[in-house]
Amino acid sequence: MVSFLVAVLIGAVLLTLPISSSSGEATPFVDALFTATTATCVTGLVVVPTFSAWSTFGHVVILLLIQIGGLGVITVLSGIALSFHKKMGLSDRVLLQDAFNINTLSGLTSFVKRVILGTLAIEGVGALLYMIVFIPEFGARGIWISVFNSISAFCNAGIDIIGPDSLYAYATHPIINFVTSALIILGGLGYIVWWDILRIVRQRIKGKRGAFRSLTLHSRIVLAFTLGLILIGAVAIFAFEYDNPETLGNYSLLNKIQASLFQSVTTRTAGFASLPQDKLTDSSALVSMFLMFIGGSPVGTAGGIKTVTIAVLISAAISAIKGKNSVSILGRGISSSAVKKSLAIFTMSFTIMFASTVALSAVTDASLLDVLYETVSATATVGLTRNLTPSLGTAGKLIITATMYLGRVGPISLAVAFSFKNKKQNIIKEPTEEISVG
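Treat the numbers as computed from the prediction; the structure is a model and nothing was measured.

## Topic: the overall build of the protein chain
Scanning the protein chain from N- to C-terminus turns up 17 helices and 2 strands. A buried classification covers 52% of the 438 residues belonging to the protein chain. Within the protein chain, contacts between residues at least 6 apart in sequence are counted, and of these 69% link residues at least 24 apart. For the protein chain, the exposed area adds up to about 20500 Å²; of that, 67% sits on carbon and sulfur atoms.

Here is the structure:
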């Protein structure tokens, strides 16, 4: 929590400097703090237009904050230390273990190297693919736009420097849709799933049959829920927006499918908008909020409560309905600590969202749907807005700033807290008494 806070404050100070502003004047601290928070917490909500309000120096600061926030401050610092051939001590390994929320100390040095190199490789390929479109359109500036967009998409930040309307102009552009969606999904799958899939691919190349069945339970849950949520979201948005002239109504069938898929993908905490969010039907807005709240998957760049968390909660509910004492997914038992952790993460995220909604409703005259959309987006670090963010007053900006920060570090900190083993078990337990629930 401290590492993210320090990064935010340093970024805010840098963004207040006249050199960071396109006008050459100092930026109000509240706006600089909001921008530094949205970049570090890879959210994407902005109170000033990113493409026009900041200078090249300001854009570089924002992009560095996005990269640091996407990878995690601890990961970046560890990567810098490893590049100088500094050996990692036990305390460093424990810190990394907590930052990634994984259950082993072995192979962490190699894991960090692969995470950083894999991230840079994917972002590099994404930038090159973007250049196919942006260089012919923007000339040499297209190179910088491509790099910025690739890092922002992979880190699920949703901040761009193309123009004032995000990706509205590219709603039906196949290359931009495909590259952006691929980067969002790869960042949101999580690094553990990457290595698991690569392991299976290598086994298949060697001719081993049935290799795909040996995917870990974690990977199978992530892949199944990611694909399922994207398809469910796309179908729902396609149906609800089909005749809406403000969104999909005037598109061809193929473009309607393409735009619906992108809306479903970008709600997985990415925040790029190819459709005007304030023009969505209420049904589509509710579906989008549902997808935003769940978000991506653990040990990746996405936010939200995560796919595995919701999978565990659903399985626990089904087990309770069936009267089972244990929870299982895909034929594998789930530990009680995982169920408790999932419940705690859900509860904390919901509490942050609810408190933020109440607070923001008290300081703005916007409709409840717009406020709720804003707070869910901030809590899950998505960055989609129904045009409420630019109109926020000082109080509203501070509320959303706090929400983005808590939304990013709250669930992480809970997961870290639960990862510590309780060495002192209570010998004497409290007496048990039956209660009525439901």
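Moving on from the coordinates now.
## Quick notes on the environment of Gly187
By secondary structure assignment, the location of Gly187 is in helix α9 (residues 174-189). Other than its neighbours up to four places away in sequence, Gly187 contacts Phe154, Asn156, Gly300, Thr301 and Ala302.

## So, helix α4 (residues 56-71)
Taking 1.5 Å of rise per residue, the 16 residues of α4 would be expected to cover 22 Å, and the 23 Å separating its terminal C-alpha atoms lies within 8% of that figure. Residues Gly58, His59, Val61, Ile62, Leu63, Leu65, Ile66, Gln67, Gly69, Gly70 and Leu71 constitute the buried set of α4. After α4 finishes, the residue Gly72 shows a positive phi value of roughly 100°.

## Topic: the confidence of the model for the protein chain
Averaged over every residue, the pLDDT of the protein chain is 88; residues scoring 70 or more account for 87%. Looking at the elements of the protein chain, mean pLDDT is at its lowest for helix α6 (residues 90-100), recorded as 61, and at its highest for helix α16 (residues 368-379), recorded as 96.

## Comments concerning the packing of helix α11 (residues 217-241) against helix α14 (residues 307-322)
The interhelical angle for the contact between α11 and α14, taken along N-to-C directions, is 95°, at an axis separation of 9 Å. Comparing the axis directions of α11 and α14 gives the class roughly perpendicular. Residues His218, Ile221, Val222, Phe225, Thr226 and Leu229 of α11 touch α14, and the partners they reach there are Thr307, Val308, Ile310, Ala311 and Ile314. Of the residues belonging to the contact of α11 with α14, the class tally is 8 nonpolar, 3 polar and no charged.

## Some thoughts on the packing of aromatic side chains
Applying the stated rule across the entire model yields 11 aromatic pairs. Residues Phe134 and Phe138 carry aromatic rings whose centres are separated by 6.0 Å and whose planes lie at 55° to one another, so their mutual orientation is tilted. Note that Phe134 and Phe138 are positioned in helix α7 (residues 108-138) at a spacing of 4 residues, about one turn of the helix. For Phe134, a relative accessible area of 0% puts it in the buried group. Exposure remark for Phe138: the relative accessible area of 26% places this residue in the partly exposed category. Here Phe293 and Phe346 contribute two aromatic rings whose centre-to-centre distance is 5.8 Å and whose plane-to-plane angle is 90°, an arrangement assigned as edge-to-face. Taken together, the residues Phe293 in helix α13 (residues 282-294) and Phe346 in helix α15 (residues 336-363) connect sequence positions 53 residues apart. Positioned over the ring face of Trp195 is Arg114, at 4.7 Å from the centre of the ring. Here the guanidinium or amino end of Lys256 rests over the ring plane of Tyr242, the centre of that ring lying 3.5 Å away.

About the thresholds
Residues numbered from 1 in each chain as written. Predicted model: local features only at pLDDT ≥ 70, side-chain atom pairs only at ≥ 80, totals over all residues. Heavy atoms only, no water. Helix = DSSP H or I, 4+ residues; strand = E, 2+ residues; numbered from the N terminus. Buried < 20%, exposed > 50% of the residue type's maximum accessible area, 1.4 Å probe, protein only. Contact = heavy atoms within 4.5 Å. Areas by Shrake-Rupley, 256 points an atom, 1.4 Å probe, with all protein chains shown as cover. Expected span 1.5 Å × (residues − 1). pLDDT = per-residue confidence, 0-100. Axes fitted to C-alpha atoms, helices over the stretch in contact; angles between N-to-C directions. Parallel < 35°, antiparallel > 145°, perpendicular 65-115°, else oblique. Nonpolar A, V, L, I, M, F, W, Y, C, P; charged D, E, K, R; others polar. Phe/Tyr/Trp six-rings, centres within 6.5 Å; stacked < 30°, edge-to-face > 60°. Lys NZ or Arg CZ within 6 Å of the ring centre and 35° of its normal.

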